[in-house]
Amino acid sequence: MCKGLAALPHTCLERAKEIKTKLGTLLQKPDSAIDFIIPYPEKPEKPPKAQRPSPEEALQWRDSLEKLLQNPYGLTSFRSFLRSEFSEENVEFWVACEDYKKVKSPVKMAEKAKKIYEEFIQTEAPKEVNIDHFTKALTMKNLVEPSPSSFDMAQKRIFALMEKDSLPRFVRSEFYQELIK
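Values in this document were obtained by computation on a predicted structure and should not be read as measured data. (Residues numbered from 1 in each chain as written. Predicted model: local features only at pLDDT ≥ 70, side-chain atom pairs only at ≥ 80, totals over all residues. Heavy atoms only, no water.)

Description of the overall build of the chain
Per the secondary structure count, the chain includes nine helices and zero strands. Beginning at the N terminus, the succession of helices and strands in the chain can be written as α-α-α-α-α-α-α-α-α. Within the chain, the fraction of its 181 residues that count as buried is 29%. Taking all contacts inside the chain whose residues are at least 6 apart in sequence as the whole, residues at least 24 apart take part in 56%. For the chain, the accessible surface area stands at approximately 13,400 Å², while carbon and sulfur atoms represent 58% of it. (Helix = DSSP H or I, 4+ residues; strand = E, 2+ residues; numbered from the N terminus. Buried < 20%, exposed > 50% of the residue type's maximum accessible area, 1.4 Å probe, protein only. Contact = heavy atoms within 4.5 Å. Areas by Shrake-Rupley, 256 points an atom, 1.4 Å probe, with all protein chains shown as cover.)

Focus: the packing of aromatic side chains
The final tally for this structure, using the stated rule, is seven aromatic pairs. Residues Phe-93 and Phe-151 carry aromatic rings whose centres are separated by 6.3 Å and whose planes lie at 80 degrees to one another, so their mutual orientation is edge-to-face. Of this pair, Phe-93 sits in helix H5 (residues 89-101) while Phe-151 sits in the loop between helix H7 (133-142) and helix H8 (152-172), placing them 58 residues apart in sequence. You'll find Phe-93 and Phe-151 in the same group, each marked buried. Taking 5.1 Å as the distance between ring centres and 85 degrees as the angle between the ring planes, the aromatic pair formed by Tyr-100 and Phe-151 counts as edge-to-face. With Tyr-100 in helix H5 and Phe-151 in the loop between H7 and H8, this pair connects stretches of sequence that are 51 residues apart. Across this residue pair, the class does not change: Tyr-100 and Phe-151 are buried. (Phe/Tyr/Trp six-rings, centres within 6.5 Å; stacked < 30°, edge-to-face > 60°.)

Structural notes on the layout of surface pockets
Put simply, the largest pocket is a space of about 160 Å³. Put simply, the parts of the chain that give the lining of the largest pocket at least two residues each are H5 and helix H6 (106-121). The greatest single-element share of the lining of the largest pocket, amounting to five residues, is contributed by H6. Its residues assigned to classes, the lining of the largest pocket comprises four nonpolar, no polar and six charged. (1 Å grid on protein atoms, 1.4 Å probe; cavity = no way out; pocket = protein on both sides within 12 Å on 5 of 7 lines; lining within 4 Å. Points joined across faces, edges and corners; volume = space filled by probe spheres on them. Nonpolar A, V, L, I, M, F, W, Y, C, P; charged D, E, K, R; others polar.)

What follows is the structure, given as structure tokens:
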């Protein structure tokens, strides 16, 4: 049963009193609205929005997933389309792999590799991509010692899947049809 406050060590009682004092201070009504102002660091500038491509440029995407993914507006449009179909995990994995290849620090590379694996590769991952068992096993083997090419085979498989399946659906979509008008 509870022995009361006397059974608690003295340091715990002191800490509890400090917390009570701080809570009391927070619960007091402010004298003016100025007390509500919390200083935040300035927001970093947003990069300029991707410029809408010409219809001629957008027409090239029909035959080249690579050109589509290299164009910031194309990538954004493709992502939006896939999100509308609840199938954006493939393009998100592809982008994560591209970002991963840019990492130079071995420590950061290992951290990013683990994150990509847990998010996209492992069984029952939140955004698990559809890759064959051999590719998954090879990728896991590559992650023992992460390198910029650790996800290459999986990324190539997903690229091929998007090229064969997602790109044709995108080209038939209203998203794309609006771009080529």
